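Residues per chain are reported as follows:
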Amino acid sequence: MMWNFFIGYAVLTMCCWLFAGYFALYKKKERLAGMFACIGLCILGVFIVKLWMALERPPLRTMGETRLWYAFFLAALGIFASYRWKYAWLMTVSCFIAGIFLIVDIVKPELHSKTLMPALQSYWFIPHVTVYIFSYALLGVSCLCSLRLMYQFRHHIEDKELFKFTDNIVYVGLGFLLLGLLFGAFWAKEAWGHYWAWDPKETWAFITVIGYLIYIHMRLQKNTCQIAVYILPFAFILLMITWLGVSYLPTAPMSVHTY
C-alpha cells in the first residue's frame, strides 16, 4: 500500500521546507530558499500522484487525503507569492503550516481503501473537493496576511501593497469557495434529488460564506478598512469548523458529509 511510504515522503518534504525557511532568513539566499521549497513541493506532489495510481481513484475521500491536498496547495501558494511578490515570509509560514498538516497525517493515519461509496462515484467528486480545498488554501493565505497586517497596525506600520494583496486573495478565495458550493449543489441534486438540505456541513459552509461577505462589506466602507482585517481570522475559524470541526459536533451523525 502506497500510504505505508508516506512517512518517508513527508520527512523529505519537511526537511526541504526547513532548509527553505532557513535560507529565507537571508536576502542573498532567497533563490536557494525557493529552490528547496519547490523540491519539497515536488516530492509531496509525486506522493499524491503515486497514491492516486495505487488507489485507482482520486485521493480526495478521507480527511487525511484532503489534508495532503491542503498542504500541497498552501505551500504552492506561499512559493508563488514569494516568487511573484517577494513575500519570502509568506512562503516560510505557509510551508511550516503545511508541514504541520503532514505531521497530523503521520500521527493520525487513516484507512485508504480503493472503493468509493455510490454517492462519491460522480463526475462532480473531483471538481467539488479540489476547488473547495484550493479555496481553503487561498483563504488560509489571506488569514496569514491579515495576522501580519494586524501586527503592523499595532506598530503603526502601513503596508498598502500587502493590504491590497490580502484583499485580492480574499476575493479569489471566496470566488472558488462559492464555485465549490455550486458544484456541491449540482452533485447533491444528482445523488439525493435536492440541491440543498441544510445538512450540518452545508449550514456551516453557508455561515463561512457570510463571514467573508461581512469582511467584504466592511472593506468597502471608507472608515472600516482596518476593522475588516480583524474579521478575517474569525472567518477562517468558521472555515476550519466547516472543514474539520463538523465531524466532532453533536450533529455529525446527521450529516452525509462525514464518512
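Everything that follows concerns the structure shown earlier in this document.
Let me begin by describing the structure that accompanies this report. Small disclaimer: the values here were computed from a predicted structure and weren't measured.

**Description of the overall build of the protein chain**
Line of reasoning, step 1. The secondary structure content of the protein chain amounts to 8 helices and 0 strands.
Line of reasoning, step 2. Put simply, the protein chain runs from its N terminus to its C terminus through helices and strands in the order α-α-α-α-α-α-α-α.
Line of reasoning, step 3. Taking the principal axes of its C-alpha atoms as reference, the protein chain extends roughly 55 × 45 × 30 Å.
Line of reasoning, step 4. For the protein chain, with 259 residues in total, the buried portion stands at 50%.
Line of reasoning, step 5. At a minimum sequence separation of 6, the contacts of the protein chain that also span at least 24 residues come to 76%.
Line of reasoning, step 6. Counting only carbon and sulfur atoms, one obtains 71% of the accessible surface of the protein chain, whose full area is about 13,600 Å².
Line of reasoning, step 7. If the 20 positive side-chain charges of the protein chain are averaged to one point and the 12 negative ones to another, these points end up 8 Å apart.

**Description of the side chain of S82**
Line of reasoning, step 1. When you line up the elements, S82 lands in helix α3 (residues 63–85).
Line of reasoning, step 2. Leaving out residues up to four positions away in the same chain, S82 has contacts with Y87, A88 and M91.

**Description of the pattern of salt bridges**
Once their charged atoms are close, side chains differing in charge can pair, the charge on each being opposite to the other.
Line of reasoning, step 1. A complete count under the given rule lists 4 salt bridges for this structure.
Line of reasoning, step 2. Salt-bridge contacts for D105 lead to R67; the nearest nitrogen and oxygen are separated by 2.7 Å. Linking D105 in helix α4 (residues 88–107) with R67 in helix α3, this pair joins segments that are 38 residues apart in sequence. With respect to class, D105 is no different from R67; both count as buried.
Line of reasoning, step 3. For D167, the salt bridge is made with R219, and the minimal N-O distance between the two is 3.2 Å. Placement of the pair is D167 in helix α6 (residues 160–192) and R219 in helix α7 (residues 200–219), with a sequence separation of 52 residues.
Line of reasoning, step 4. Exposure remark for D167: the relative accessible area of 6% places this residue in the buried category.
Line of reasoning, step 5. One network of salt bridges, in which partners are shared, links R67, D105 and E110.

**Focus on the packing of α3 against α4**
Line of reasoning, step 1. Relative to each other, α3 and α4 sit at 170°, their axes nearing to 7 Å. In terms of orientation, α3 and α4 fall into the roughly antiparallel class. The residues of α4 that touch α3, namely those facing G64, R67, L68, Y70, A71, L74, A75, G78, I79, A81 and S82, are A88, L90, M91, S94, C95, I97, A98, F101, L102, V104 and D105.
Line of reasoning, step 2. For the contact of α3 with α4, the residue count by class is 16 nonpolar, 4 polar and 2 charged.

**Let's talk about the packing of aromatic side chains**
Aromatic ring pairs are reported here in terms of the distance separating the ring centres and the angle at which the planes meet.
Line of reasoning, step 1. Per the counting criterion, the structure on display carries 30 aromatic pairs.
Line of reasoning, step 2. When the ring of F80 is compared with that of W85, the centres are 5.6 Å apart and the planes differ by 85°; the resulting orientation is edge-to-face.
Line of reasoning, step 3. A residue is classified by how much of its surface remains accessible, and F80, at 47% relative accessible area, is partly exposed.
Line of reasoning, step 4. The exposure class of W85 is partly exposed, given its relative accessible area of 36%.
Line of reasoning, step 5. A centroid spacing of 6.1 Å and a plane angle of 50° characterise the contact between Y87 and W89, whose relative ring orientation is tilted.
Line of reasoning, step 6. Cluster of aromatic residues (ring-pair linked, three or more members): W52, W69, F72, F73, F134 and F176.
Line of reasoning, step 7. The lysine or arginine in question, R148, covers the ring of W89, its NZ or CZ lying 4.4 Å from the ring centre.

**Focus on the state of the cysteines**
Line of reasoning, step 1. Considering all chains together, one arrives at 0 disulfides under this definition.
Line of reasoning, step 2. The structure places no disulfide on C42, whose sulfur is separated from the nearest cysteine sulfur, that of C38, by 6.5 Å.
Line of reasoning, step 3. Cysteine C143 is unpaired, with the sulfur of C145 as its nearest cysteine sulfur at 9.2 Å.
Line of reasoning, step 4. Here C143 falls in the buried class, since its relative accessible area comes to 9%.

About the thresholds
- Residues numbered from 1 in each chain as written.
- Predicted model: local features only at pLDDT ≥ 70, side-chain atom pairs only at ≥ 80, totals over all residues.
- Heavy atoms only, no water.
- Helix = DSSP H or I, 4+ residues; strand = E, 2+ residues; numbered from the N terminus.
- Buried < 20%, exposed > 50% of the residue type's maximum accessible area, 1.4 Å probe, protein only.
- Contact = heavy atoms within 4.5 Å.
- Areas by Shrake-Rupley, 256 points an atom, 1.4 Å probe, with all protein chains shown as cover.
- Lys, Arg positive; Asp, Glu negative; His and termini not counted.
- Charge placed at Lys NZ, Arg CZ, Asp CG, Glu CD.
- Salt bridge = Lys/Arg side-chain N within 4 Å of Asp/Glu carboxyl O.
- Axes fitted to C-alpha atoms, helices over the stretch in contact; angles between N-to-C directions.
- Parallel < 35°, antiparallel > 145°, perpendicular 65-115°, else oblique.
- Nonpolar A, V, L, I, M, F, W, Y, C, P; charged D, E, K, R; others polar.
- Phe/Tyr/Trp six-rings, centres within 6.5 Å; stacked < 30°, edge-to-face > 60°.
- Lys NZ or Arg CZ within 6 Å of the ring centre and 35° of its normal.
- Disulfide = S-S within 2.5 Å.

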